[in-house]
Amino acid sequence: MTSTELSTAERIREKYIAHFGDNTDAKDFRLFRSPGRINLIGEHTDYNNGFVLPASVDKAVYFAISPRTDNQVILHAVDLNETYTFQVEDLSKPDQKWAYFQLGIIEQIYKNGLNIGGFQAAFGGDVPQGAGMSSSAALECCLLFALNEVFNLGLDRFSIVKMSQKAENEYVGVQCGIMDQFASGFGKKEAVIRLDCRSLEYEYFPFPMDEYILVLCNTLVEHSLASSEYNTRRLECEKGVSVLQKNHPEIKSLRDATPALIETYKDEMGDVVYRRCKYMTEEIERVQVACDFLTAGDLISFGKKMYETHQGLQHEYEVSCDELDFLVDQTFDDPSVIGARMMGGGFGGCTINLVKKEGVEAFETKMKKAYYDKFQIELPCYRVQITDGTEEIVLNA
Ligand code: GLA
């Protein structure tokens, strides 16, 4: 673990002890970690059965947890200093929106015919919320992984990932694809994961970090459009598929189409659906090409693909925003940046930048100043390291 990870894990452990320490059930608690994610390329492709290239990073959610002898669940949100207590079978929606993720996980456990007793947990971490780094997926994967261990549910990693996605879809109500939960669950130190979201086959590619650093620039904005537009994009893609299906019944998703085929049906699709489908089919191909560059050790060409992705997200898929575009624009004439783009669902959150090591200080200084001058917002920059996915951790006493 990195020193930041260690101190965050220790903080959650201390808070658990402070909160539950005098409770007799609290003796044998265990500690689990589930990371947030970045995505190098392949944006919005997951729910179109395409490819993605995410990795899990050194910002994570931690759960300190122990089973109880009764049916009570006590959830203590360390960073909010709030607690929600309920009977394990009571899945009604509470006022505390933050508990939706955990309740969604318990619901999935029941839906899969499994059973758990009461438990108590303190959780928190350092994945910035609303930054497009999937703090919610980390939360879901962490709790389900932990409950699987504590109650011996016998779930494998794939099931944990899929059930976590379903918790988000069904209880939280966000129609996300599988990328975030997969990255959190299957992350591997110093490697990115190319996931085929149609077959769920995946391959690790070592990501060389000796010359370059991955820097996230957090706009600190989260436009309210984010979740409604996300669901709208899904529908627009589905419309595109239904146009294609009239003549090509074998097409099940945009993964089965090509940019050339989209051109053929341009008029029939109409401008908006056409542009969504154009971006999508190009992006699915782009991930493959980018992976070839990665394998060849050609990071410069890889970075160019990141810029192309941003162009597509900005003008064709239209999920960017002024703040993100501004940050990407700032890198155009910066020789130390070889790739930059918005990352995640869009309408706020972070840009991801591939920056030469020796230029990183100057890059951050310049970005912070430019962003402040334009939006009067202090820009957080995170130099992320790629770490392992969800795991149990054992700290020295
Ligand atoms: C969000 C969703 C993911 C994915 C990305 C965009 O993070 O949760 O499933 O669709 O947006 O790539």
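Residues numbered from 1 in each chain as written. Predicted model: local features only at pLDDT ≥ 70, side-chain atom pairs only at ≥ 80, totals over all residues. Heavy atoms only, no water.

Novice: Would you mind showing me how to read the sheet that holds strand β12 (residues 381-384) here?
Specialist: Strands belonging to one sheet form pairs held by backbone hydrogen bonds; the direction of such a pair is parallel or antiparallel. The sheet built from four strands is open, its strands ordered β10-β11-β9-β12 with antiparallel pairing. Of all the strands in the sheet, the pair left with one neighbour each is β10 (337-342) and β12. Neighbouring strand axes in the sheet, compared pairwise and without regard to direction, differ in orientation by 20° on average. Seen against the sheet, helix α10 (residues 299-315) touches β9 (212-222), β10 and β11 (348-356) and runs at an angle of roughly 25° to β10. Docked against the sheet, helix α11 (residues 322-330) engages β9, β10 and β11, running at close to 10° with respect to β11. (Pairing = 2+ DSSP bridges. Helix = DSSP H or I, 4+ residues; strand = E, 2+ residues; numbered from the N terminus. Axes fitted to C-alpha atoms, helices over the stretch in contact; angles between N-to-C directions. Contact = heavy atoms within 4.5 Å.)

Novice: Looking at this structure, how should I read the packing of helix α2 (residues 100-111) against helix α3 (residues 135-150)?
Specialist: What describes two packed helices is the angle between their axes and the distance between those same axes. Relative to each other, α2 and α3 sit at 45°, their axes nearing to 9 Å. Taken together, the axes of α2 and α3 lie oblique to each other. Helix-helix and strand crossings are classified by hand; for α2 and α3 the assignment is right-handed. Contact with α2, carried on its side by Phe 101, Gln 102, Ile 105 and Ile 109, involves Ser 136, Leu 139, Glu 140, Leu 143, Leu 144 and Leu 147 of α3 and no other residues of that element. Its residues assigned to classes, the contact of α2 with α3 shows seven nonpolar, two polar and one charged. (Parallel < 35°, antiparallel > 145°, perpendicular 65-115°, else oblique. Left-handed = near helix turned anticlockwise from the far one by under 90°. Nonpolar A, V, L, I, M, F, W, Y, C, P; charged D, E, K, R; others polar.)

Novice: Sorry if this is basic, but what is going on with the packing of aromatic side chains here?
Specialist: Describing an aromatic ring pair means giving the distance of the ring centres and the angle of the ring planes. Per the counting criterion, the structure on display carries 20 aromatic pairs. Measuring from ring centre to ring centre gives 5.5 Å for Phe 326 and Phe 375, while their planes differ by 90°; the resulting arrangement is edge-to-face. Within this pair, whereas Phe 326 is found in helix α11, its partner Phe 375 is found in helix α12 (residues 360-375), the two being separated by 49 residues in sequence. Taken together, the ring pairs connect Phe 158, Phe 182, Phe 186, Tyr 202 and Tyr 204 into an aromatic cluster. Between Lys 59 and the ring centre of Tyr 382, over which it is positioned, the NZ or CZ distance is 4.7 Å. (Phe/Tyr/Trp six-rings, centres within 6.5 Å; stacked < 30°, edge-to-face > 60°. Lys NZ or Arg CZ within 6 Å of the ring centre and 35° of its normal.)

Novice: Sorry if this is basic, but what is going on with the site of the ligand here?
Specialist: The environment of the ligand is made up of Arg 37, Glu 43, His 44, Asp 46, Tyr 47, Cys 176, Gly 177, Met 179, Asp 180, Tyr 230, Gly 344 and Gly 345. In the environment of the ligand, an oxygen atom lies 3.4 Å from a nitrogen or oxygen atom belonging to the backbone of Gly 345. Surface burial for the ligand is 91%, taken as the share of its 310 Å² of free accessible area covered by protein chains. Classifying every residue of the shell around the ligand by side-chain character gives four nonpolar, four polar and four charged. (Near = heavy atom within 4 Å. Polar contact = N/O pair within 3.5 Å; in protein donor to acceptor, adjacent residues only side chain to side chain. Areas by Shrake-Rupley, 256 points an atom, 1.4 Å probe, with all protein chains shown as cover.)

Novice: I would appreciate a short explanation of the environment of Leu 200 in the present structure.
Specialist: Summarising the element assignment, Leu 200 is placed in the loop between β7 (191-196) and β8 (202-206). Under the relative-accessibility criterion, Leu 200 is labelled buried at 15%. Distance from Leu 200 to Gln 175, taken between C-alpha atoms, is 18 Å for residues 25 residues apart in sequence. If near-sequence neighbours (up to four positions away) are discounted, Leu 200 is found in contact with Phe 158, Lys 162, Ile 178 and Leu 195. (Buried < 20%, exposed > 50% of the residue type's maximum accessible area, 1.4 Å probe, protein only.)

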